[in-house]
Amino acid sequence: MYHDPGWLDWPFLDPHHRALARDLEGWCATQLPKGHPQDTDAACRDLVRRLGAAGWLRYTVGGVAWGGAGEAIDTRALCLLRETLARHSGLADFAFAMQGLGSGAITLHGTPAQKKRYLTRVAAGAAIAAFALSEPDSGSDVAAMQCAARADGDHYELDGEKTCISNGGIADFYVVFARTGEAHGSRGLSAFIVDAETPGLEVAERIPVIAPHPLARLRFAGCRVPAAQRLGEPGQGFRIAMQTLDIFRTSVAAAALGFARRALAEALARATSRRMFDQFLSDFQITQAKLATMATGIDSAALLTYRAAWLRDQGRNVTREAAMAKMQATETAQQVIDAAVQMWGGLGVVSEHPVERLYREIRALRIYEGATEVQQLIIARQTLKAFRDAAGT
Ligand SMILES: Cc1cc2nc3c(=O)[nH]c(=O)nc-3n(C[C@H](O)[C@H](O)[C@H](O)COP(=O)(O)OP(=O)(O)OC[C@H]3O[C@@H](n4cnc5c(N)ncnc54)[C@H](O)[C@@H]3O)c2cc1C
C-alpha cells in the first residue's frame, strides 16, 4: 500500500521519532493479525499483549521506573505511533490509545505506589486500562456529572453511572471521575482508580458501535474504594481529566490522520487502475481535483497535529492548538474517506472493504474527547482571550 514517508523530515520531529515510525511500520507489516476479528474483546486483549510485548506500550505511560519509554509522555512519539497503527488497523490503534488514555491521569497525578501498581502493568500489556468520565446525562458538559463519591472513613463510596466507556467489560481497572462536592460544578469532582473486580462495580450494558470495539455502561452501587486509590487532591478531578485530554486529544488528531492517509492510498490505487470511458479514473480532471483536495487536507491536518505535539513536548500550554488539531484532522479525515468511498464506487460500500471500514472507523472521532463543536468553543474562547489580553480590555 502506498505510503509517502517524506513528511517525516518535517522539523517538528527528532531523529529518534523518525526511527520509531519506521520501526513500527515494519512491525505492523509483519506482526499485526490479518483479517477481521469475530470476537472483538479477544482481539483487543491479544493486541494489548502484542503491543506490550513489542515495547510499543512503553510510549503510553510516563516514568522510566514504571516501564515508560521516557520520564514524560513524548507527545510526538504518541502521535506517530497512533498515526501508523491507525493506517494499518483501527482496532490496533484503539488498543494502544486506550492504554494511554486510561492510565494518563496516573502518569500525571499518581503516587509512586499507584504508578508501580498500574503503570508497569499497562506498559507491559499485562493490564487493560479505561477512562470513565462520560455519563448518560453529562457528555460534553462534564461539570454536570452526577456520579457521586461519598467519603466514609478511609474509603469512598461510589454511586452512579458512566456510559460509553471504551474497554468497558474488558478493562482491569477504570480511572473514574466522580462528584465529591468540595465546591459547585467542575470544582467538586475527584478522580479514583477502581479495580474492575471491586464489589459494587458492574458492567450494566455492553454497547455495540459502528466500528466494533469494547464499549460499556458501568453502574456503581455502594462501590467502596480505598481513599488511597484517589488520584490527586479532592476537588481536582476536573483539572486532572482536562490535563489528560490535553495530551490525548492531539493523539486523536493523529489517529484521524492515519485513517485519512490510508484512505488516500486506497483512492490512488483505485483511481490509477480502474478503466472507464477509455481512460483511467485518475485521468479525469474531476478526480484530480478530488485528489488534490484530499492531499492538501491531509498535509494541513498533519501540520496542525505535529505543531500541537511539538509545542506540548516543549512544555507549552496546548489547549488551543490541540483543539485545532483535533477538529481539523477529524473533520478532514471524514471528507477524505468519503471521497475515497466515492472513487471506489459500489465496492466502496461493501462490508469490510478497507474504505468501508474507514468510513465507520472515523465517525466517532468527531464526537469523543470533545465533539467538534466543543473544540470550536475552545478555539474561539482562546482566540477572544488573546485579543482582549492584547487590547487590555
Ligand atoms: C465510540 C465512543 C467511545 C467513547 N469512549 C469514551 C471513554 O472511553 N470514556 C468516556 O468517558 N467517554 C467516552 N465516550 C463518550 C464521549 O466522550 C461522549 O459521547 C462525548 O463527550 C459527547 O457526549 P454525549 O454523547 O453525551 O453528547 P452530548 O453532550 O449530548 O452532545 C451531542 C452533540 O451536541 C453537540 N454539542 C455539544 N456541545 C455543544 C455546544 N456547546 N454547542 C453546540 N453544539 C454542541 C455536538 O455535536 C455533540 O455531538 C465515547 C463515545 C464514543 C462514541
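Just above sits the structure.
Residues numbered from 1 in each chain as written. Predicted model: local features only at pLDDT ≥ 70, side-chain atom pairs only at ≥ 80, totals over all residues. Heavy atoms only, no water.

**Description of the packing of helix 3 (residues 75-88) against helix 7 (residues 285-313)**
Think of two packed helices as two axes; the pair is described by the angle between the axes and how far apart they sit. Filter applied, for reference: Think of each axis as a best-fit line through the C-alpha atoms, taken over the contacting stretch in the case of a helix, with angles from 0 to 180 degrees between the N-to-C directions. Secondary structure counts use DSSP, requiring at least four H or I residues in a row for a helix and at least two E residues in a row for a strand, with both numbered from the N terminus. The scheme is simple: roughly parallel for angles under 35 degrees, roughly antiparallel for over 145, roughly perpendicular for 65 to 115, oblique for anything else. In what follows, residue pairs with any heavy atoms lying within 4.5 Å of each other are defined as contacts. Put simply, Ala, Val, Leu, Ile, Met, Phe, Trp, Tyr, Cys and Pro go in the nonpolar bin, Asp, Glu, Lys and Arg in the charged bin, and everything else, Gly too, in the polar bin.
Two elements in contact, helix 3 and helix 7, have axes whose closest approach is 8 Å; the angle formed by their N-to-C orientations is 150°. As far as their axial angle goes, helix 7 and helix 3 are roughly antiparallel. When helix 3 is examined against helix 7, the residues Thr75, Arg76, Cys79, Leu80 and Glu83 are found in contact with a partner set consisting of Thr305, Tyr306, Ala309, Trp310, Arg312 and Asp313. Split into classes, the residues belonging to the contact of helix 3 with helix 7 amount to five nonpolar, two polar and four charged.

**Describing the pattern of salt bridges**
What counts is decided by this rule: Criterion for a salt bridge: a side-chain nitrogen of Lys or Arg within 4 Å of a carboxyl oxygen of Asp or Glu. Relative accessible area decides the class of each residue, using a 1.4 Å probe on protein chains only: under 20% of the type maximum gives buried, over 50% gives exposed, and in between gives partly exposed.
For the coordinates displayed, the defined rule picks out 24 salt bridges. Here Arg224 ties to Asp152 by a salt bridge, and the two come within 2.7 Å at their closest N and O atoms. In this pair, Arg224 sits in strand 7 (residues 215-226) while Asp152 sits in strand 2 (residues 148-152), placing the two residues 72 residues apart along the sequence. Relative accessible area serves as the criterion here: at 35%, Arg224 is assigned to the partly exposed category. With a relative accessible area of 30%, Asp152 lands in the partly exposed category. For Glu356, the salt bridge identified is with Arg360, shortest N-O distance 2.7 Å. With Glu356 and Arg360 both in helix 9 (residues 354-363) and four residues apart, the pair spans about one turn of that helix. With respect to class, Glu356 is no different from Arg360; both count as buried.

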